[in-house]
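# Structural description and commentary
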Amino acid sequence: MPAQRIKPLILAAGGAIRFGSAKQLALINGVPMIRHTVTHILEAGLGPCVVVTGAVQMQIARTLEDLAVTCIHNPQWYEGMAGSIRTGLGWIRQHAPETEGILVALADQPFITGADFRRIREAYDGTCIVAASYPDGPGVPAIFPQPTWADLESLAGDVGARAVIRQNDAVTTVFVSDLRDIDHPGQI
């Protein structure tokens, strides 16, 4: 499937309570975490990206202003990931109707490389979910074809896209080199 038919949706709305500050803006080698994630997705030939913001919307938008992104605000960001997925998917349905698959990625996984995102993109054929392979089962980043979008929109609370992956029989998994999810400053 052509990369332009896949729209990256990056979840960056959280308040980072466990981290103690806006982790999306925490510096890794002098670069904000969210910028690493977006840059790697763009390196894979995916984009422009939709970034769902919340707690620190203006700071994230300023950090990404020179990249191929659209930042959209989830006013109920504090209710959890499901609302951010719905906000992003609603924007994509309205503003990018040609989209056939969405790549759901997390702002706090900055060590996933452009090559990793490229492998996920190349494994996607438009018919089934393609997800990163974790020891305990598949998860995000993952590409979801249109028939699964209603399942994503039905999520509630702090439940993420992994719930949809786990309930679906048609999932292709892809090895990703470093799936660390940054929750504490000591993990950087």
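Just above, that's the structure.
Residue numbers restart at each chain and count upward from 1, following the sequence in its written direction. Given that the model is predicted, a residue must reach a pLDDT of at least 70 before its local features are reported, and side-chain atom pairs must reach 80 or more before they are shown or counted; all residues, however, enter totals for whole chains, interfaces and linings. Derived side-chain values reflect all non-hydrogen atoms in the structure, with water molecules and hydrogen atoms excluded from consideration.

### Describing the overall build of the chain
Scanning the chain for helices and strands turns up six helices and nine strands. Across its three principal axes, the chain shows a C-alpha extent of roughly 40 × 30 × 30 Å. Under the scheme applied here, a residue whose accessible area is under 20% of the maximum for its type counts as buried, over 50% as exposed, and between as partly exposed, the area being computed with a 1.4 Å probe on protein chains only. For the chain, with 188 residues in total, the buried portion stands at 52%. In what follows, a contact means two residues having at least one pair of non-hydrogen atoms within 4.5 Å. Across the chain, contacts joining residues at least 24 apart in sequence account for 70% of those joining residues at least 6 apart. Surface summary for the chain: the accessible area is close to 8200 Å², and the carbon and sulfur share equals 51%. His is not counted, nor are the chain ends, whereas Lys and Arg count as positive and Asp and Glu as negative. Every charge is mapped onto a representative atom, which is NZ of Lys, CZ of Arg, CG of Asp or CD of Glu. Counting 14 positive and 18 negative side-chain charges, the chain places the averaged centre of each group 2 Å from the other. A run of H or I in DSSP becomes a helix once it reaches four residues, and a run of E becomes a strand once it reaches two; helices and strands are each numbered from the N terminus. For the area figures, the Shrake-Rupley method with a 1.4 Å probe applies, and any residue is considered shielded solely by the protein chains shown.

### Let's talk about the packing of helix H1 (residues 33-43) against helix H4 (residues 114-123)
A fitted line through C-alpha atoms serves as each axis, taken over the contacting stretch for helices, and the angle formed by two N-to-C directions is quoted from 0 to 180°. Where H1 contacts H4, the two axes come as close as 7 Å, and the packing angle between them is 50°. Between H1 and H4, the interaxial angle falls into the category oblique. The crossing of H1 and H4 is right-handed. On H4, the residues touching Thr37, His40, Ile41 and Glu43 of H1 are Gly114, Phe117 and Arg118. Tallied by class, the residues present in the contact of H1 with H4 amount to two nonpolar, three polar and two charged. Oblique is the label for every angle not falling under 35 degrees (roughly parallel), over 145 degrees (roughly antiparallel), or within 65 to 115 degrees (roughly perpendicular). Handedness of a helix crossing follows the sense of rotation of the near helix relative to the far helix, less than a right angle counterclockwise being left-handed and clockwise being right-handed. Residue classes follow a fixed rule: Ala, Val, Leu, Ile, Met, Phe, Trp, Tyr, Cys and Pro count as nonpolar, while Asp, Glu, Lys and Arg count as charged, and any other residue, Gly among them, counts as polar.

### A short note on the pairing of strand S6 (residues 101-106)
Buried residues dominate S6, accounting for six of its six residues. Pairing analysis gives six bridges linking strand S1 (residues 6-12) to S6, with the strands arranged parallel. Each bridged residue has a counterpart across the sheet, and for Ile6 the counterpart in S6 is Gly101. Of the strand pairs in this sheet, S6 and strand S8 (residues 137-145) are connected by four bridges, and their pairing is antiparallel. Bridge pairing links Gly101 to Pro145 in S8. We treat two strands as partners when DSSP finds at least two bridges between them.

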